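Notes for the structure review
Each chain is listed here by its residues.
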Amino acid sequence: MSRRTIVACLLMTVFCGLFHMVQAQAQKTYLEEINGVERLIWRGEPFLMLSGEFHNSTSTTAEYLEPAMVAAKKQHLNSVIVTVEWDQLEPEPGKYDFTCVDRIISLAEKNDLPVVIAWFGSWKNGVSSYIPGWMKRDTKKYFRAVDRKGEATDYISTFCTAAMEADSRAFSALMRHIGERDRNNYVLFVQVENETGLWQEDIDYRPQARRAYESAVPEELISFLRSNETILPSPMMDCWVENGRKMKGDWEEVFGDNMYTPAFFMQWAYASYVQKVASAGKKQYDIPMYMNTVAMPPKGLMFNPGVVQGPSKHDDEAPSEVPAAPLFGTGNPLFPSGAPVFQAIDMYHVFCPSVDFFSPDIYVPAFKDVADAYTRKDNPLFVPETGRSASAAYYTLAQCNGIGFSAFAIEDAYLDRDYIGTYETLEELLPIISEYQGTGLMKGFLREGTETGTSFEIDDYIIDVRYVTEEKRSFGLVIKTGPEDFLLSGIGAMISIRSKNEKVNVRYEFVQEGRYEDEEWAMEVLLNGDQTSHGQEVYLRGRVDFGDEFSPEPEEVYPHHNFASSEARQDIVTARQKSPSIYKTRVYSYNKN
């Protein structure tokens, strides 16, 4: 081979590499405001995530990850959350092993299934269990936070500069490798750390932390409070105002000697630490990043502090509700202390701007309250973890205009007909939900606890939703698709429509039950008479067919239960496992007089 040929081949190789790099940069994921809400844009188009998070260790070997990815596709997921662990990535200081990352991206390409990579760096559930072994052994250099007894804990202190710098280097290497390897843009975005914050203390009692607590509050925070006093209701703002709007001083001088101030301080500490890590990664590959946090209900309910809550085995099971109480005896009302809880999002925006949004892991029996609290113009809702029920996906996507929904331990839902059926129906609806996000013409609903129904307005109509308490699940959505046209979907609810004009009656002109096939409507049955209470309501009765893979055995019998309160309720079937159904309807109006 001549020298000229060799040079030409080298130039071609360089050109192809640059071409792929430019192509990847052009197609990489980003956030964009559409119809007044933040949307996730993947490959140039809005993308809604029907996702699931694998068990923490699933990605550690191909033997576990490959069948899990295949199963996820069969479960109608269009994306998955997969972990990358620091101890695997950097087994020796400065020596990186990208085998796990390459495995994830290769299987994402093979299965055409985009992924979110969750970086388990300095913290996981507040604990530093995923830091490399060489860090775990060197507690002098990589020192831990200290509890009120003066004893070292199992979590790295936010004031450990050596740990922060090591995490930043490792995360930077990870993001650089993703940018180089992921030429087809299968990595949607990245989670930075996992459920940060102090779970068993309100503050780090290490001397370095105490000195910082007794030092001046950063000027940036004071300036932010001063500029946003009239528009930012929060515990931090309340404490600052009640303490005299002081423009300088240490943390207790500015915010007062109360149970909130230690949490404000730790929020600043964690936000500053994570900002160093996230910014280092974004310099290498700039795609969206988020932080997740264990979420407490805004309205005062809390899971039992003596019980570790996990995914519920059944949709109708939930952690017990107990009056609000200090978790683990810390007295911290903003648990976990320092985490990006919804009351701390503004603090994180100031001190951790490289993180694009903050997401709740919802295991408490108040999904709607938590989801609403995290739904903000500057914070698109993404639910990365929740119990193994897909019911709340409707509320996330339709009511909160969320960018995605994900249950934890999704492998365990492989034979869960309720979960798979719900995602199957949502898969049909995603293009329509995407079209109507932010328009004000779409609403979602979800039964929680002893709720019997809800009502909401869409344009000139009032939608009344009555939950069918005999059904174990009640959830769904309503979309106004035309002047008198409505699309209904869900399960376990009666939907009636009335006019805001009390002198007018509204009735259903027709109700078509069916499904979308390649985004085209296919009617399966036209409902009328008894099945719509003569045009007065539609029962979201659900689909009972799951295809050959999920057909019941011939000897199984599913009884119908009849109830006299409404003729439409004669269709109620509570014994079957069902997926949500879809209805195209049109209404008409006439004067009462």
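**Looking at the packing of aromatic side chains**
- Tallied over the full model, the rule gives 33 aromatic pairs.
- Plain terms: the ring middles of Trp-123 and Tyr-273 are 4.5 Å apart, the flat faces sit at 55° to each other, and that makes the pair tilted. Here Trp-123, found in strand β6 (residues 115–124), pairs with Tyr-273, found in helix α11 (residues 261–284); they are 150 residues apart in sequence, far enough to count as distant.
- Given the relative accessible area of 0%, Trp-123 is considered buried.
- Taking relative accessible area as the criterion, Tyr-273 reaches 1% and is therefore assigned buried.
- Judged by centre distance (6.4 Å) and plane angle (90°), the ring pair of Phe-357 and Phe-382 falls under edge-to-face. Taken together, the residues span a long stretch of sequence, with Phe-357 in strand β13 (residues 357–362) and Phe-382 in strand β14 (residues 382–383) at a distance of 25 residues.

**Structural notes on helix α6 (residues 161–181)**
- Along its 21 residues, α6 runs 30 Å from first to last C-alpha, staying within 8% of the 30 Å computed at 1.5 Å per residue.
- The buried fraction of α6 amounts to 15 of the 21 residues, a majority that puts the element mostly inside the structure.

**Structural notes on the pattern of salt bridges**
- Under the criterion given, the structure shown has 25 salt bridges.
- With a closest N to O distance of 2.9 Å, Arg-376 and Asp-346 form a salt bridge. One end of the pair, Arg-376, is in the loop between α13 (367–374) and β14; the other, Asp-346, is in helix α12 (residues 345–351), and 30 residues separate them in sequence.
- Residue classification places Asp-346 among the buried residues on the basis of a relative accessible area of 12%.

**Focus on the environment of Gly-440**
- Turning to its location among the elements, Gly-440 is positioned in the loop between α15 (417–436) and β17 (442–446).
- When its relative accessible area of 44% is taken as the criterion, Gly-440 is described as partly exposed.
- For the pair Gly-440 and Asp-459, spaced 19 residues apart in the sequence, the C-alpha separation amounts to 8.3 Å.

**Remarks on a negative patch on the surface**
- Together, Glu-214, Glu-252, Glu-253 and Asp-257 give the surface a local cluster of negative charge.
- Looking at the secondary structure, you find Asp-257 in the loop between α10 (251–255) and α11.

**Comments concerning the pairing of strand β24 (residues 520–527)**
- As judged from the 7 bridges shared by strand β23 (residues 504–517) and β24, these two strands associate in the antiparallel manner. Residue Gly-514 lies in a different strand from β24, and its bridge partner there is Met-523.
- Linking two consecutive strands that pair antiparallel, namely β23 and β24, is a turn of 2 residues; a positive phi of about 55° is found at Asp-518 within it.

**Focus: the sheet that holds strand β25 (residues 538–540)**
- Spatially, β18-β19-β22-β25 is the arrangement adopted by the 4 strands of the open sheet, whose pairing is antiparallel. Lying at the two open borders of the sheet, with one neighbouring strand each, are β18 (453–458) and β25. With direction set aside, neighbouring strand axes in the sheet form an average angle of 25°.
- As judged from the 3 bridges shared by strand β22 (residues 493–499) and β25, these two strands associate in the antiparallel manner. From the neighbouring strand, Met-494 faces β25, where its bridge partner is Tyr-539.

**Things to note about the sheet that holds β24**
- Read from one edge of the open sheet, 6 strands run β17-β20-β21-β26-β23-β24, paired in antiparallel fashion. Two strands in the sheet have a free side with no partner beyond their single neighbour: β17 and β24. The average angle at which neighbouring strand axes cross in this sheet is 30°, direction not considered.
- As defined by bridge partners, strand β21 (residues 485–491) adjoins strand β26 (residues 581–591) across 6 bridges and the pair is classed as antiparallel. Across the sheet, Leu-487 pairs through a bridge with Lys-584, a residue of β26.
- Set on the sheet, helix α14 (residues 391–399) makes contact with β17, β20 (475–480) and β21; between it and β17 the angle comes to about 155°.
- Its contacts with the sheet put α15 on β17, β20, β21, β23 and β26, and the angle it makes with β20 is roughly 30°.

**What about the packing of α14 against α15?**
- In contact at an axis separation of 11 Å, α14 and α15 are set at 5° when each is read in the N-to-C sense. With respect to each other, α14 and α15 are oriented roughly parallel. Of the residues in α15, those touching α14 at Ala-393, Tyr-394 and Leu-397 are Thr-422, Tyr-423, Thr-425, Leu-426, Leu-429, Leu-430 and Ile-433.

**Notes on the nonpolar core**
- Counting residues in each nonpolar core, the largest one holds 152 residues, and the members touching the most others are Trp-251, Phe-255 and Phe-265.
- At 12 residues, α11 tops the list of elements feeding residues into this core.
- In this structure, Phe-456, Tyr-461, Ile-463 and Ile-495 belong to the second largest nonpolar core, which totals 21 residues.

What counts and how
Residues numbered from 1 in each chain as written. Predicted model: local features only at pLDDT ≥ 70, side-chain atom pairs only at ≥ 80, totals over all residues. Heavy atoms only, no water. Phe/Tyr/Trp six-rings, centres within 6.5 Å; stacked < 30°, edge-to-face > 60°. Helix = DSSP H or I, 4+ residues; strand = E, 2+ residues; numbered from the N terminus. Buried < 20%, exposed > 50% of the residue type's maximum accessible area, 1.4 Å probe, protein only. Expected span 1.5 Å × (residues − 1). Salt bridge = Lys/Arg side-chain N within 4 Å of Asp/Glu carboxyl O. Patch = residues over 30% accessible without salt bridge, like charges linked within 9 Å, V, L, I, M, F, W, Y side chains within 5 Å. Areas by Shrake-Rupley, 256 points an atom, 1.4 Å probe, with all protein chains shown as cover. Lys, Arg positive; Asp, Glu negative; His and termini not counted. Charge placed at Lys NZ, Arg CZ, Asp CG, Glu CD. Pairing = 2+ DSSP bridges. Axes fitted to C-alpha atoms, helices over the stretch in contact; angles between N-to-C directions. Contact = heavy atoms within 4.5 Å. Parallel < 35°, antiparallel > 145°, perpendicular 65-115°, else oblique. Core = buried A, V, L, I, M, F, W, Y, C linked by side-chain atoms within 4.5 Å.

Honestly, that's just the spatial picture; any functional story needs more than this.
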